[in-house]
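# Descriptive analysis of the structure
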Amino acid sequence: MKPLLFHTLWGWRESLAAASAYASASDFDGLEVNLHHPALEACSREQVRELLDEAEQKLIIEITTGGGYVPALDAAIETHLNEIATGLEMACRLLPVRINLITGSDSWGLDQQHQFLEEAIKLSTEASCPVSFETHRSRSLFNPWWIVDYLKAHPKLRLTADLSHWCVVSERLMTPELEPIKAMAPHVDHIHARIGHDQGASVSDPFVEMWQQERDAHLSCWRLFASQRTRHGPLTMTPEFGPDGYMPVDPDHGQPLRPVQQINHRMAAWLRNTASP
């Protein structure tokens, strides 16, 4: 079963209608957008559904808690849980096929992490659409070496795999023979398909020879995840090369070394032919 591919609105400055038109022209199956993205907030629920239904596109909503993409250190567990509950209620009204949670904090101890995950997973399983937790730096799932114990303690934990973050945290490539990758494979529902390396969360261009090892390592993990999809519907993937310091820039001009949208478009075309085992 081939994965569904989504156009990210990370860094997108135009309207939701323009994003939908771009996704249609680029053969994406839908859009992935943060719950508080200006393009989404500019539309009513009815407008969002009418737009996507007419284009026959699916929707993934991203929710962040604790103060944006990097959580505030003074944001307590209760703050994160309250924001999850509120965000899930708002997001589910838009009838997404998935909600992606970027939540928790890497600053908490293990007892706090388990307490938080227990409550957060309970909220996610009560939602009216599937919810997965992203392996994101600065968050509860930042550390690949903890995921085995997390999954043993919380078997209902569903995952969005962004391996680029783990590459940076561990200063090594993630590969299928590593225990964290083997353990998480049956739990992965969604993939953020950005290719990282041992010193950064984004290579400059995944299709040049100097990054072939990194590209091959990520792809081998993604194909393992795809092979484990015996239920829960098709795997979803979002090519997610983006701005905000992820994409390396020309030091003289401050411009990205490669156009981000073009890379995401090319990545989607490549994944259609390679991501399935």
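Before reading further, recall that the structure is shown in the block above.
Right, let's walk through the structure included here. Residue indices begin from 1 for each chain and proceed along its sequence in written order. This being a predicted model, a pLDDT of at least 70 is required before a residue's local features are given, and a value of 80 or more before pairs of side-chain atoms are given or counted; all residues contribute to the totals for chains, interfaces and linings. To obtain the side-chain values, all non-hydrogen atoms of the structure were used and water was disregarded.

Turning next to the sheet that holds strand 2 (residues 30-34). On the basis of which strands lie adjacent, the closed barrel formed by eight strands has the order 1-2-3-4-5-6-7-8 and parallel pairing. Geometrically, the sheet is characterised by an average inter-axis angle of 30° between neighbouring strands, direction not taken into account. Contacts are residue-level and defined by heavy atoms, with any inter-residue pair within 4.5 Å sufficient. Axes here refer to lines fitted to C-alpha atoms; in helices the fit is confined to the stretch in contact. Angles between the N-to-C directions go from 0 to 180 degrees. Only runs of H or I of at least four residues qualify as helices and only runs of E of at least two qualify as strands under DSSP, and these elements are numbered from the N terminus. Here helix 1 (residues 16-25) sits on the sheet in contact with strand 1 (4-8) and strand 2, set at roughly 145° to strand 2. Here the rule is simple: two strands pair whenever DSSP picks up at least two bridges between them.

Here the focus is the packing of helix 7 (residues 163-170) against helix 9 (residues 212-227). It is at 11 Å that the axes of helix 7 and helix 9 come closest, and there the two elements cross at 130°. Classified by the angle between their axes, helix 7 and helix 9 sit oblique to one another. For the crossing formed where helix 7 meets helix 9, the hand is right-handed. Along its contact with helix 7, which presents L163, S164 and C167, the element helix 9 presents H218, C221, W222 and F225. Classes in brief: Ala, Val, Leu, Ile, Met, Phe, Trp, Tyr, Cys and Pro nonpolar; Asp, Glu, Lys and Arg charged; the others, Gly included, polar. Considered class by class, the residues forming the contact of helix 7 with helix 9 number five nonpolar, two polar and no charged. Roughly parallel means an angle under 35 degrees; roughly antiparallel means over 145; roughly perpendicular covers 65 to 115; every other angle is labelled oblique. If you view the pair so one helix is near and one far, a crossing is left-handed when the near helix is turned anticlockwise from the far one by less than a right angle, and right-handed when it is turned clockwise.

Strand 2 sits mainly inside the fold: five of its five residues count as buried. Burial status follows relative accessibility: with a 1.4 Å probe on protein chains alone, a residue under 20% of its type maximum counts as buried, one over 50% as exposed, and anything between as partly exposed. Going residue by residue along strand 2, you find G30, E32 and N34 tucked away on one face and L31 and V33 tucked away on the opposite face as well. Clockwise travel from the first strand over the helix to the second, with the strands pointing away from the viewer, marks a crossover as right-handed. Handedness of the crossover is the feature at issue here: the chain leaves strand 1, passes through helix 1, returns alongside strand 2, and the resulting connection is right-handed. Here strand 2 runs beside strand 3 (residues 58-64); their pairing, made up of five bridges, is parallel. Bridge pairing links V33 to I61 in strand 3.

Next up on the list: the nonpolar core. For our purposes a nonpolar core is just a set of buried Ala, Val, Leu, Ile, Met, Phe, Trp, Tyr and Cys residues, chained together by side-chain atoms within 4.5 Å. In terms of nonpolar packing, the biggest core is built from 75 residues, with I61, L163, M184, W222 and F225 touching the most fellow members. Other than its neighbours up to four places away in sequence, M184 contacts T135, L151, L159, A161, L163, W166 and F225.

Before going further, it helps to examine the side chain of D205. Tracing the chain through its elements places D205 in the loop between strand 7 (188-192) and helix 9. Two N or O atoms form a polar contact when they lie within 3.5 Å of each other; inside protein one atom must be a possible hydrogen donor and the other a possible acceptor, and for residues adjacent in sequence the pair counts only when both atoms belong to side chains. Of note is the side chain of D205, whose polar atom sits 2.8 Å from the side chain of R258. Those residues within four positions of D205 in sequence are excluded, and the remaining contacts are W211, R258 and I263.

Remember, this is a structural readout, not a statement about activity or role.
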